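Chain and residue survey
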Amino acid sequence: MTQRRFRAWMLVHKWTSLISTLVLLLLCVTGLPLIFKEEIEAVINPQPAMPAVAPGTPSPSLDEIVRAALQAHPGDVPISIGFFKDKPAVQLQTAPNVRTPFPQSHVQAYDLRTGSPVPLKPQRTSAFTEFFRLLHTELFLGLPGALFLGVMALLLVAATISGIVVYAPYMRRLPFGTVRSERSKRLRWLDLHNLLGISTAVWVLAVGVTGAINSLHDPVAASVRTSIAEMTRRHHAAPAAGALVPVDRAIAAARQAMPSTTLASVFFPGAGFSTNHHYAVFMRGNAPLTARLFYVALIDAESGTLTDTPSMPWYATALLVSQPLHFGDYGGLPLKIIWALLDLAAIAVLITGTYLWLARVGVIRAVRTTAAS
Amino acid sequence: MSRFRTDEKRTMGEIFLAPALVGLATIFGLAIALVGDGILDIIGCLSLCLPLAAIAYGYLFGRFGARSSI
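Everything quoted here is computed from the prediction, not taken from an experiment. (Residues numbered from 1 in each chain as written. Chains lettered and ligands numbered in written order. Predicted model: local features only at pLDDT ≥ 70, side-chain atom pairs only at ≥ 80, totals over all residues. Heavy atoms only, no water.)

The secondary structure content of chain A amounts to 11 helices and 8 strands. Taking 21 Å as the expected radius of gyration for a compact globule of 373 residues, we find that chain A reaches 27 Å, considerably beyond that expectation. C-alpha atoms of chain A, sized along the principal axes, occupy 85 × 45 × 35 Å. The buried share of chain A, reckoned over its 373 residues, is 47%. If you take every contact in chain A between residues at least 6 apart in sequence, the share linking residues at least 24 apart comes to 62%. Taken together, the 31 basic and 20 acidic charged side chains of chain A have centroids lying 19 Å from each other. (Helix = DSSP H or I, 4+ residues; strand = E, 2+ residues; numbered from the N terminus. Rg over C-alpha atoms; globule rule 2.2 N^0.38 Å. Buried < 20%, exposed > 50% of the residue type's maximum accessible area, 1.4 Å probe, protein only. Contact = heavy atoms within 4.5 Å. Lys, Arg positive; Asp, Glu negative; His and termini not counted. Charge placed at Lys NZ, Arg CZ, Asp CG, Glu CD.)

The next thing to look at is the pairing of strand β7 (residues 294–300) of chain A. Where a strand is regular, its side chains alternate between the two sheet faces. Residue and element names in this part refer to chain A. The buried fraction of β7 is high, at 5 of 7 residues. In this sheet, β7 lies alongside strand β6 (residues 278–285) in antiparallel orientation, the contact comprising 7 bridges. Bridging from a neighbouring strand, H278 pairs with D300 of β7. The antiparallel pairing of β7 with strand β8 (residues 306–308) creates a hairpin that spans 5 residues between the two strands, and G304 there sits at a positive phi of about 75°. (Pairing = 2+ DSSP bridges.)

This brings us to the interface of chain B and chain A. Contacts between the two partners involve 43 residues from chain B, matched on the other side by 43 residues from chain A. Between chain B and chain A lies a buried interface of about 3,800 Å² when both sides are counted; carbon and sulfur atoms form 71% of it. Applying the counting criterion to the chain B and chain A interface returns 0 salt bridges. Connecting chain B to chain A are 5 residue pairs in polar contact (both at pLDDT 80 or more). Of all elements in the fold, only α1 (12–35) and α2 (39–61) of chain B reach the threshold of two or more residues within the side of chain B that touches chain A. Here the element with the most residues in the side of chain B that touches chain A is α1(B); it accounts for 13 residues. Taken together, the residues of the side of chain B that touches chain A sort by class into 24 nonpolar, 9 polar and 10 charged. (Buried area = accessible area lost by both parts, 1.4 Å probe. Salt bridge = Lys/Arg side-chain N within 4 Å of Asp/Glu carboxyl O. Polar contact = N/O pair within 3.5 Å; in protein donor to acceptor, adjacent residues only side chain to side chain. Nonpolar A, V, L, I, M, F, W, Y, C, P; charged D, E, K, R; others polar.)

Another aspect to go through is unusual backbone geometry. All names here are of chain A. You will see that L139, though not glycine, has its phi angle at about 55°, which is positive. Tracing the backbone through its elements, the reader meets L139 in the loop between α4 (127–138) and α5 (142–170). By relative accessible area, which is 19% here, L139 ends up buried. Here F140, not a glycine, exhibits a phi torsion of approximately 60°, which is positive.

Structure below.
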């Protein structure tokens, strides 16, 4: 590499890092508790344990559970069924009519194994986690904040790539992993910066690129909602369903159409994302890669046959597939711990980089001189 | 050749061999845990430990008082 080219890359590395360091430091620090979001939620907002069930107890059908919910609130109609991710339970929503606002509707969790009501709370985020999430994703500034953080994530990507390029000239005469601790303090910090930076570069690139993609979450989510609404609008001309087929039959039809999926929720005809003539069955992928992807099946509520399985827009798929690579929540607690350690290493890269710049421009020496005098 | 020899310039291949291996292990770890659970998660976690092991190696054993290259 020529001296001129090296200087150009150094300039890119210096300025992309300097502009973004403070924000990235904030993102790394606020990202730490978010890595352990589920564990923190389990402590702050614990769910009661599911009761033990004797072996051989016959499980009721979903229709029997729906009937039990309607008996508890005479005059109500079923709105939706939400399936808990990690418990054999559903959250059933009923209301006087399908247009009743959510706060006025009746929501109760039921044990799928016995059909009995269980005191599970709706899956909501605590104020503690929500504070860190909003700070991490939008700086409490809504979409402008999210887009600003997306630009910072792109600067992180540029800083990492330029850092890899300028790593080579520094290491021409040094083996990998060298930390010159017996020379000047600046050299030791430089070596630590290089070692930490090059070792975590690929992980930082993965988190940076997926972070930039995730900064578009809100506009993409709005677009997906619009697409689903447009998709169902195509079927709104169908007459309102008369006698409904059992919800279990609608779910069976959806499962047959999308075999490698898990149930997420079901909307009854006329409610939420469904139409007057269809059940809307939402499924999510089984593998960690597809666990955040949603698949929708519109099931004819009179015949129980599949009407449509619209696919999500490609950009929504890209965003949802990228999310596990940003959150690190797809390999259990061990992966989360490794993610946190890599996050700490990234914090160390930022701190050592800032120290090197401050030392270079003489701030460290000036502070020492002032302190000594 | 001493591990800490500093009087010979290393080629780009030599400089980037270890970082490339660490990077490939990171990509492998990130990807393998994404496609499945159980044993794949364990393999993914072990692969992702390599960058941390490289840092620990450098911090614990990579210290010496060599001549600066810059």
